[in-house]
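# A structural walkthrough
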Amino acid sequence: MNIKNAQKEVDDWINEHGVRYFNELTNMAQLTEEVGEVARIIARRYGEQSEKESDKDKDLGEELADVMFVVLCLANQTGIDLQSAFDKKMDKKAKRDHDRHHNNNKLK
């Protein structure tokens, strides 16, 4: 699935099940909350904090998908073609950062 199709799928879901999009500010708060849930899992599972028993069943993939869903909502409601924006970003990064990371001694 490409990003354009994902945006359409989210829009179809919102129109069929969600009544309407939450406003942009509510979705921004929702995105922050979802990113926090991803951060909590990563901090405890891969970082130095111990993982609580109640967190061990948390699915990182599901939480990342929650982040994607809200990002797609924000793109839809603000008229952003996220596929085009992502393609431009990858092209820019490929040109700008082509040798940057290969020459970073911290990564060796």
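Residues numbered from 1 in each chain as written. Predicted model: local features only at pLDDT ≥ 70, side-chain atom pairs only at ≥ 80, totals over all residues. Heavy atoms only, no water.

Okay, the overall build of the protein next. Scanning the protein from terminus to terminus reveals four helices and zero strands. Helices (α) and strands (β) of the protein occur, in sequence order from the N terminus, as α-α-α-α. Its C-alpha atoms give the protein a radius of gyration of 17 Å, clearly above 13 Å, the size a compact globule of 108 residues would have. Summarising its shape, the C-alpha atoms of the protein cover approximately 50 × 45 × 25 Å along the three principal directions. Across the 108 residues that make up the protein, the buried fraction comes to 22%. In the protein, once contacts between residues fewer than 6 apart in sequence are set aside, the share between residues at least 24 apart is 64%. (Helix = DSSP H or I, 4+ residues; strand = E, 2+ residues; numbered from the N terminus. Rg over C-alpha atoms; globule rule 2.2 N^0.38 Å. Buried < 20%, exposed > 50% of the residue type's maximum accessible area, 1.4 Å probe, protein only. Contact = heavy atoms within 4.5 Å.)

Let's shift gears to the confidence of the model for the protein. Per-residue confidence for the protein gives a mean pLDDT of 94; residues scoring 70 or more make up 100%. Mean pLDDT across the elements of the protein bottoms out in helix H4 (residues 82–96) (94) and peaks in helix H3 (residues 60–77) (98). (pLDDT = per-residue confidence, 0-100.)

The next thing to look at is helix H2 (residues 24–45). Across its 22 residues, H2 extends 31 Å between first and last C-alpha, which sits within 8% of the 32 Å expected from 1.5 Å per residue. Every buried residue of H2 is listed here: Asn 27, Leu 31, Glu 34, Val 38, Ile 41 and Arg 44. With a side-chain oxygen positioned 3.1 Å from the backbone nitrogen of Leu 25, the residue opening H2 is Asn 23. (Expected span 1.5 Å × (residues − 1). Polar contact = N/O pair within 3.5 Å; in protein donor to acceptor, adjacent residues only side chain to side chain.)

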